[in-house]
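# Structural description and commentary
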Amino acid sequence: MSRFVRWRGQLGHTKTVLGEKVREALASVLPITAIVLVLCFTVSPLPADILLAFLLGAVLLITGMGFFTLGADLAMTPIGEQLGSYIARSRKLPFMVAGGFLTGVIVTVSEPDLQVLAAQVPGIPNGVLVGAVAAGVGVFLAAALLRILVQVPLQWMLIAAYGAVLLLAAFFVPRDFLAVAFDSGGVTTGPMTVPFIMALGLGVSSIRSDRSAAQDSFGLVALCSVGPILAVLLLALRYPASGSYVSAALPRAADSRELGGLFLTAVPAYAWEVLKSLFPIAAFFALFQAAALRLKRKKVLKILVGILYTYIGLSLFLTGVNVGFLPAGSYLGRQIAALPAKWLLAPIGMLMGWFIVQAEPAVHVLNKQVEEITAGAIPGGAMRASLSIGVALSVGLAMVRVLTGISIFWFLAPGYLLAAALSFCVPEIFTSIAFDSGGVASGPMTATFLLPFAAGACEALGGNVVTDAFGVVAMVAMTPLLTIQLLGFAYQRKRMETKPEPVDEEIIEL
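We now turn to the structure provided with this report. What you are looking at is a predicted structure, and each value in this text was computed from that prediction instead of being measured.

Definitions and limits used
- Residues numbered from 1 in each chain as written.
- Predicted model: local features only at pLDDT ≥ 70, side-chain atom pairs only at ≥ 80, totals over all residues.
- Heavy atoms only, no water.
- Axes fitted to C-alpha atoms, helices over the stretch in contact; angles between N-to-C directions.
- Helix = DSSP H or I, 4+ residues; strand = E, 2+ residues; numbered from the N terminus.
- Parallel < 35°, antiparallel > 145°, perpendicular 65-115°, else oblique.
- Left-handed = near helix turned anticlockwise from the far one by under 90°.
- Contact = heavy atoms within 4.5 Å.
- Nonpolar A, V, L, I, M, F, W, Y, C, P; charged D, E, K, R; others polar.
- Phe/Tyr/Trp six-rings, centres within 6.5 Å; stacked < 30°, edge-to-face > 60°.
- Buried < 20%, exposed > 50% of the residue type's maximum accessible area, 1.4 Å probe, protein only.
- Polar contact = N/O pair within 3.5 Å; in protein donor to acceptor, adjacent residues only side chain to side chain.

### What about the packing of helix α5 (residues 126-150) against helix α8 (residues 193-205)?
- Here α5 crosses α8 at 30°, and the two axes come no closer than 9 Å. Classed by the angle they form, the pair α5 and α8 counts as roughly parallel. Note that α5 runs across α8; the crossing there is right-handed. Judged by residue contacts, Leu 141, Leu 145, Ile 148 and Leu 149 of α5 engage Ile 197, Leu 200, Gly 201, Val 204 and Ser 205 from α8.
- Its residues assigned to classes, the contact of α5 with α8 shows seven nonpolar, two polar and no charged.

Next up, the structure:
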């Protein structure tokens, strides 16, 4: 009887937490939904079937985000922490390197964002692109874990890595490939990868007892974002970007039954894709559990339930964004670009960027960890505002690129150089958080709504989608590096101003 009561209590607690997660997702998705509705009733009317598909997709998106974030708390974060602690405790350099590399490859192959981008890139086989990106993440994750243990300053590793990226981009790689390469770094750190990698960093840093250990747990996402860019830039020397971009298929339904059929047909397909993505992580955990971890049965069951929630959440999420959001984004982009006032693309894009970052699942994971690690010194509200400003600016600049055809290199090179300069002026933890934020901001919402929006606008304007529309993910990944570090600069100035002045000894004597 007591076991039944305990089980019933746990079930009630889970329902309560799930309800909270769904409400958070609702608050995140409602603004972008409202923007699309305002646009479709004013300057950019949508066909009824596309609008209804978008609204139904929003419902699936909200539900999916609720399940996913709960699953990340129950499964992805504990798995990452346990693996990180075990790898670090071994103290064997070859094992740490091999473990970090293998973990990076497995988690990246499981990342749904990467599959979304690979399907939109012309001229490169999907398997080749995914394999190159996974190898890049594996190499840099191993290096990031070693950095935590040997306490190498993050800024020097980032400067060296991005220096190599800019050198390759400026002198060796065809211009047609730059946007795709930088986009690959943004989409790699998505809803599957971020909770796992950040928890892995916490697990590795936990074996250190110094004051900066928790601070050094940040930065893994930042370094893992560089690996794919370098890998794809090198891949460009073998596979030049060629072929034609294939536009998103618009949902066509004569009635509600056909519309429901579109989603019912898509759910099993995306459920199968998510199953293939989650299986390597689940198998990897099972192997470690049997060979080394030996966690208690109750904890293992909790992780398994979390994996199930993650599976349900990602299946619903991907169905919603691919069937509902992606086509609507593409159609809206074409409609707005066809208006006499084409310049409206920039302010509308900025408005979308401001709100769409709040719907990224990985952003919630990062904000929560930042508040916990800094004990509230960096509040979630300030983080959200800084990210929204950065993403709004980046999407506005991306729309300028669509309108003018300016190479992405002239935006990214100054941006990364300025971010590197700021890293010497702010506390190190803000640099780590800023570069991590760039990775998490460019998640599935960016790849499946903003990228099709830019591509649709570019097609309507007669531009080159590969060079002018691709790159919006990279822009979204770059601007938070500046806004979060500027937040750190303001935070540092505020602390200096409020620091109490030393009391004069003569006054004390009096």
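From this point, things continue past the structure.
### A word on the packing of helix α12 (residues 297-337) against helix α13 (residues 345-356)
- The contact between α12 and α13 brings their axes to 10 Å, and the two run at 150°. Here α12 is positioned roughly antiparallel relative to α13, judged by the angle of their axes. Together, Leu 332, Gly 333, Ile 336 and Ala 337 of α12 and Leu 345, Ile 348 and Met 352 of α13 make up the contact between the two elements.

### Here we look at the packing of aromatic side chains
- Taken as a whole and assessed by the stated rule, the structure comprises seven aromatic pairs.
- An angle of 85° between the planes, with centres 5.1 Å apart, marks the rings of Phe 284 and Phe 288 as edge-to-face. With a gap of four residues between them, Phe 284 and Phe 288 both fall in helix α11 (residues 256-293), about one helical turn apart.
- A relative accessible area of 9% means that Phe 284 is categorised as buried.
- In this structure an aromatic cluster arises from ring pairing among Tyr 162, Phe 182 and Tyr 416.

### So, the environment of Leu 37
- Along the chain, Leu 37 turns up in helix α1 (residues 2-40).
- Once residues lying within four places of it in the same chain are set aside, the contact partners of Leu 37 are Leu 51 and Leu 55.

### Digging into the side chain of Ser 315
- Relative to the helices and strands, Ser 315 is located in helix α12.
- A polar atom in the side chain of Ser 315 sits 2.8 Å from the backbone oxygen of Tyr 311.
- Excluding its chain neighbours within four sequence positions, the residues that come into contact with Ser 315 are Tyr 270, Ala 271 and Val 274.

These figures capture arrangement, not role.
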